[in-house]
Amino acid sequence: MLKDVVVVGSGAAGLCAAVVAANSGLDVLLVEKTRYFGGTTAFAGGGSWIPSNPLMGQVGYSDRREAAESYIASVVGSDARAQLVKAFLDNGPAMVEHLLGRSEVRFVPRALMADNSMNAPGSLAGGRSLGPAPYDGRLLGPYFEKVRAPLAEFNAPFGLMLGPLELQHVLNATKSFASFRIAAAMMLRYLADRMRHSRGTALTSGNALVARLLRSALNAGVTLWSEAPALSLVCEDGRVSGVVVRREGRETRIDARRGVVLATGGFSADPELRKKYYAHADRHQSLVAEGNTGDGQRMAMQAGAVRDERPNARNGYWAAVSTLRGRDGSVRKCPHLFMDLPKPGCIAVNASGRRFANEAAADFANAMLDTGSVPAYLICDHRFINKYGMGFVWPWGLRLGRMRRAGYFTIASTLEGLAGKLGIDAGELQNTVARNNAFAVSGRDEDFGKGEAKADRLAGDAAHAPNPCLGAIGTPPFYAVEMVSGDFSSTVGLKTDDKGRVLDGAGAPIAGLYAAGLDANSPWGGHEAELAHGGFIGVALTFGYIVGRHLAE
Ligand SMILES: Cc1cc2nc3c(=O)[nH]c(=O)nc-3n(C[C@H](O)[C@H](O)[C@H](O)COP(=O)(O)OP(=O)(O)OC[C@H]3O[C@@H](n4cnc5c(N)ncnc54)[C@H](O)[C@@H]3O)c2cc1C
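Residues numbered from 1 in each chain as written. Predicted model: local features only at pLDDT ≥ 70, side-chain atom pairs only at ≥ 80, totals over all residues. Heavy atoms only, no water.

Could you give me a rundown of the overall build of the protein chain, with the residues and numbers involved?
Within the protein chain, the regular secondary structure consists of 16 helices and 20 strands. Whereas a compact globule of 553 residues would reach a radius of gyration of roughly 24 Å, the protein chain reaches 23 Å, a difference of no more than 12%. Dimensions of the protein chain along its principal axes, counting C-alpha atoms only, are 70 × 50 × 50 Å. Considering the protein chain as a whole, with its 553 residues, one finds that 59% of them fall into the buried category. When contacts within the protein chain are restricted to residue pairs at least 6 apart in sequence, long-range pairs at least 24 apart make up 73% of them. Working note: accessible area of the protein chain is about 21600 Å², and carbon and sulfur atoms make up 53% of it. Considering the protein chain, the positive charge centre built from 60 side chains and the negative charge centre built from 53 side chains are found 6 Å apart. (Helix = DSSP H or I, 4+ residues; strand = E, 2+ residues; numbered from the N terminus. Rg over C-alpha atoms; globule rule 2.2 N^0.38 Å. Buried < 20%, exposed > 50% of the residue type's maximum accessible area, 1.4 Å probe, protein only. Contact = heavy atoms within 4.5 Å. Areas by Shrake-Rupley, 256 points an atom, 1.4 Å probe, with all protein chains shown as cover. Lys, Arg positive; Asp, Glu negative; His and termini not counted. Charge placed at Lys NZ, Arg CZ, Asp CG, Glu CD.)

Okay, structure coming up:
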């Protein structure tokens, strides 16, 4: 089979490259290894960080190139891959314009999503982060069931998708009639959906982004194959000229006139590569999609490519993850984020019974790894868990009994008893809790500043005073959930240039070979957590766009 372009992988990077190349008149085949399109992008919140994007004016923000440059210089410093950062800043706004004008992708600028390091020069309190507009999955026809389902533990309980706005309405349903009406309408739509579909069709977050890109790819005439893993690259006359794919049990060679794009989503699902690049690999729980086992990087390296040899500040975007083990041996993973960590009345302690970080900070999990606090324990009292939930226990204490029977958390009627069960020093834990309780009264966390940053307070409980993130722990029984290290993405990838071309050991582009998304090394040198919400998908879409354009030129 002969095509202009073969794209390998169907997340933000691969789909965007395919759409842009096809919009430019190229004949494109996209192959996806698993049954489902969307990869980790389909699990994600879907935020895309794009400085100077054309939509930020709608929420009252404006940006300057120099401001973004000084912000990045301050946060990322010398770990930045300068050529890639420049290409990202040059092309991010054009990528947004292209998708708005020539695809089904729509973005919503986020007024309240601040950059993660607000003290750095050039930071902005909103507007740079774009969320995907919700999407009606029914518009995909039969392809709806081919979109990878979101994570129940992250934003889709029972397959009902809750983006930030929808979640607010559900949480406020008992306080505001307007929220009640919206939440009730969502439920009715969901119940109707479930008569015909495997899950709700009102898509939000990364799932909406994937669905919109998939619809755009179909509209642009991209040929889409799922359950079709790329196995190896075809190299002839000093260039990559095609790819070998397994489809319906047969190996097929596909020739690509212009080039092959690797967008297989990095390697976090591969235990061997985790051992090589991740600390605490024996306990690590990755949140990425199961197909992301490093195939793109491996195939490229067989064709002479190299991983970027410069070390990254972090080899992954770390997450604090608790697990629930089923009787059948299955493991469900819950990332701890905005639902519990920043709320008033919970703290995270290490094996010594001491806090080690600001639980509300975006880079909390980094501190967990940096201080060797793996495992760590999330501690709260009965009042807290009944109000906010914790991990697999949902707000209003929903599923508390079920999780207790499943052994998800440790419970005791006193802090001393809790410490005993966890094997940590009772005196230390009591001191830590007493200190937290004093901070809750004064409203100032003298140790780690929880609730000082605006972003912390937005994620806390606005109705709680004096500090929306600090609350006393005192109503027995007491609970502890064990958290280990996990990741949202790997950051180590192939060495690429400003056109997304994959480079060989001597730094020269390998003709016909491109990489985007997590198959390429992070432009931020692994500083995504300190940078901004959307530091991965913004880059994946932008380099997908750059590659699509370059293939067409
Ligand atoms: C819960 C969660 C929330 C997140 N939220 C955000 C967020 O809001 N903003 C943000 O910027 N980042 C977020 N991230 C990270 C972000 O989702 C990823 O970094 C990004 O989506 C990766 O995109 P990608 O296109 O590189 O890979 P993916 O989206 O993972 O796509 C890769 C695809 O390639 C396929 N593939 C693998 N091998 C082969 C092969 N041999 N042949 C064919 N196909 C293959 C895979 O099966 C997969 O479908 C989040 C991550 C998680 C887990």
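Hey, could you go over a nonpolar patch on the surface for me, with residue numbers and the actual values?
A grouping of M187, L188 and L191 is seen on the molecular surface, where their side chains present a nonpolar patch of about 310 Å² in accessible area. Structurally, M187 is set in helix α5 (residues 177–196). (Patch = residues over 30% accessible without salt bridge, like charges linked within 9 Å, V, L, I, M, F, W, Y side chains within 5 Å. Salt bridge = Lys/Arg side-chain N within 4 Å of Asp/Glu carboxyl O.)

Describe the site of the ligand, and please don't skip the residues or the numbers.
Around the ligand lies a shell of 38 residues, among which E32, T41, N292, S489 and I537 are the nearest. Contacts to the ligand include G38, whose backbone N or O atom sits 3.5 Å from an oxygen atom. The protein chains hide 98% of the 1000 Å² of surface that the ligand would expose on its own. Secondary-structure elements contributing two or more residues to the shell around the ligand are α1 (12–23) and β18 (478–490). (Near = heavy atom within 4 Å. Polar contact = N/O pair within 3.5 Å; in protein donor to acceptor, adjacent residues only side chain to side chain.)

Which residues make up the pattern of salt bridges, and what values do they have?
Enumeration according to the criterion identifies 29 salt bridges in this entry. The residue R298 makes a salt bridge to D295 at a minimum N-O spacing of 3.5 Å. Of this pair, R298 and D295 both sit in helix α8 (residues 295–302), 3 residues apart, which is roughly one turn of the helix. In this structure D295 comes out as buried when scored by relative accessible area, which is 18%.

How would you summarise the side chain of D445 if you had to cite specific residues and measurements?
Tracing the sequence through the fold places D445 in the loop between α13 (426–442) and α14 (454–459). A polar side-chain atom of D445 sits 3.0 Å from the main-chain amide nitrogen of D447.

Give me α8: which residues, what numbers.
Residues D295, G296, Q297, M299 and A300 constitute the buried set of α8. Those residues of α8 that are buried are in contact with β1 (2–8), β9 (230–236), β11 (250–262) and β20 (509–515).

Please set out the nonpolar core residue by residue, giving values where relevant.
In terms of nonpolar packing, the biggest core is built from 71 residues, with V28, W524, L531 and L541 touching the most fellow members. When contributions to this core are tallied by element, the ones reaching two or more residues are β1, α1, β2 (28–31), α2 (65–76), α3 (82–102), α6 (205–219) and α16 (537–552). Ranked by residue count, the leading element in this core is α1, at 10 residues. Sequence-distant contacts of V28, that is, excluding residues within four places in its chain, are made with K3, V5, V7, A18, A21, A22, G221, V222 and T223. With 30 residues, the next largest nonpolar core counts C346, A357, L400 and M483 among its residues. (Core = buried A, V, L, I, M, F, W, Y, C linked by side-chain atoms within 4.5 Å.)

Describe the packing of aromatic side chains, with residues and values.
Aromatic ring pairs: the centre-centre distance and the angle between the two ring planes describe each pair. Across all of its chains, the model carries 17 aromatic pairs by this definition. With a centroid separation of 5.7 Å and 55° between ring planes, the pair formed by Y317 and F536 is classed as tilted. Separated by 219 residues along the polypeptide, Y317 in strand β13 (residues 316–325) and F536 in the loop between α15 (528–531) and α16 bring together distant segments of the chain. Each of the two residues, Y317 as well as F536, counts as buried. Both rings, one in Y408 and one in F409, keep their centres 6.4 Å apart while their planes meet at 70°; by these two values the pair is edge-to-face. Above the plane of the ring of W225 lies R247, whose end atom (NZ or CZ) is 4.0 Å from the centre. We note R399 situated over the ring of W394; from NZ or CZ to the ring centre the distance is 3.8 Å. (Phe/Tyr/Trp six-rings, centres within 6.5 Å; stacked < 30°, edge-to-face > 60°. Lys NZ or Arg CZ within 6 Å of the ring centre and 35° of its normal.)

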